Amino acid sequence: MRRRRVRKTKRAVSASALSQMGVCERLVVFEHFEGKRPTPEQRVALQRGLRAHRQFASEGESEAARRGRCFIATHVFGDGPETQVLRLFRDRYLRPTRAGRSLILAYYRLAPTVCRAMERWPMTRSAVGAAIKPLVWLATCLLADQEGSHASG
Amino acid sequence: MPAAELWLLLASCVACVTAAWAAARLVRRRSLQVDRWMPEGLKDHTLAYSERTFRSGDDWQVVARVDRAYRGQSGLIVLVELKTRQADRVHLSDIIELSAQRVALKGETGESVAPVAWVVVESAAGRSAHSVRLLSPHVVWDLASRREALLAGTESPHYPATSRVCASCIYRARCRMNS
């Protein structure tokens, strides 16, 4: 068992390490044995790249907040695990089918009204939360089942 | 209230309004610039993953950090990779990296990933997106095997196709090509 784990770690490779094969194979070997030695120009470019990636990531986050929000669940549970499960369920089970996509569309039309109602009458929030909980449980079971079948397949 | 103080108050108000207008214009221009690179084909997609690491569970474990992945109406995932360059150009290494990301994402989530991805090059001229056709998983695994063979010393490393990459290489003095 232990030997198998060691073998698996040995056969792991990162996408960026693999991409270096498209630059120069000799550089791959040099860098593997002697480490990365960026020139001052490359170091500056690396910093510029990191800054650009941070900016790109923050733009992505604001875009996700604008477009991919699970309104009611976010309102009731915040960004907690329940919301994550429902988002995953939406993306894996509902989005691939036509009926599922119609359901998502209907939900997106209805959700802002429900959220406004919950803001106006805060006591309804716990009732909506209690109504969503069984759905979260069902989604968790289905996702666990899907992951189980992936692992065995 | 003396007239001088009134004028000062008025000038402060005008300065505040001007600053707010300039800031709003800057933000709007920036957001327009940000969205301009987005290809038409991705505009109806939703952002599925951003800056997330995936690991394929195969015999060859590929670990990849995905800049962005969009999900289309059919559920198909499209990968997007950001590169900062002086020239607006796509390299073979970008295609290899995206192909490895495809293997890792598909391996971890089981979701279908499109064989075509996008490389967004950020240069002095701004951002522009280039469509690229990805390598098949078999080619990725072959590359991983070749890399392992190179590091083990059982295969000899090839020289690059052009000597242009050598110009900025710190090892060029020791590389046989230049000796």
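About the criteria used
Residues numbered from 1 in each chain as written. Chains lettered and ligands numbered in written order. Predicted model: local features only at pLDDT ≥ 70, side-chain atom pairs only at ≥ 80, totals over all residues. Helix = DSSP H or I, 4+ residues; strand = E, 2+ residues; numbered from the N terminus. Buried ≥ 20, exposed ≤ 12 C-beta atoms within 10 Å, placed from the backbone. Right-handed = clockwise from strand over helix to strand, strands pointing away. Pairing = 2+ DSSP bridges. Core = buried A, V, L, I, M, F, W, Y, C linked by C-beta atoms within 7 Å. Contact = placed C-beta atoms within 7 Å. Expected span 1.5 Å × (residues − 1).

K.L.:
Could you give an account of the overall build of chain A, naming the residues involved and the relevant values?
P.N.:
Secondary structure summary: chain A contains eight helices and one strand in total. Walking chain A from its N terminus toward its C terminus, one meets helices and strands in the order α-β-α-α-α-α-α-α-α. Out of the 153 residues belonging to chain A, those deemed buried represent 16%.

K.L.:
Can you break down the pairing of strand 4 (residues 116–123) of chain B residue by residue, with the values?
P.N.:
All names here are of chain B. By the criterion of burial, strand 4 is predominantly enclosed, with six of the eight residues buried. For the crossover that starts at strand 3 (residues 77–84), traverses helix 2 (residues 92–109) and ends in the parallel strand 4, the hand is right-handed. In terms of strand pairing, strand 4 meets strand 5 (residues 126–133) through eight bridges, oriented antiparallel. Its bridge partner being in strand 5, S123 is matched across the sheet by G126. Joining the antiparallel neighbours strand 4 and strand 5 is a turn of two residues.

K.L.:
Could you give an account of the nonpolar core, with specific residues and numbers?
P.N.:
Among the nonpolar cores identified, the biggest contains 37 residues, and B:A69, B:L79 and B:A100 are the most heavily contacted of them. Breaking this core down by element, the ones donating at least two residues are helix 2 (15–19) of chain A together with strand 1 (46–55), strand 2 (61–71), strand 3, helix 2, strand 4 and helix 3 (137–152) of chain B. It is helix 2 of chain B that provides the largest number of residues to this core, a total of seven residues. Here B:A100 is in contact with A:A15, A:L18, B:V62, B:A64 and B:V140, once residues within four sequence places are set aside. Within the second largest apolar cluster, eight residues are counted, among which are A:I72, A:V76, A:V136 and A:A139.

K.L.:
Tell me about helix 2 of chain B, and name the residues and values.
P.N.:
All names here are of chain B. With 18 residues, helix 2 extends 26 Å between its outermost C-alpha atoms, agreeing within 8% with the 26 Å of an ideal straight helix rising 1.5 Å per residue. For helix 2, the buried fraction is high: 13 of the 18 residues fall into the buried class. At the C-terminal side of helix 2, G110 shows a positive phi close to 80°.

K.L.:
Before we move on, could you go through unusual backbone geometry and cite the residues and values that matter?
P.N.:
In this structure, B:E51 takes a positive phi of about 50° despite not being glycine. Mapped onto the elements of the fold, B:E51 is located in strand 1.

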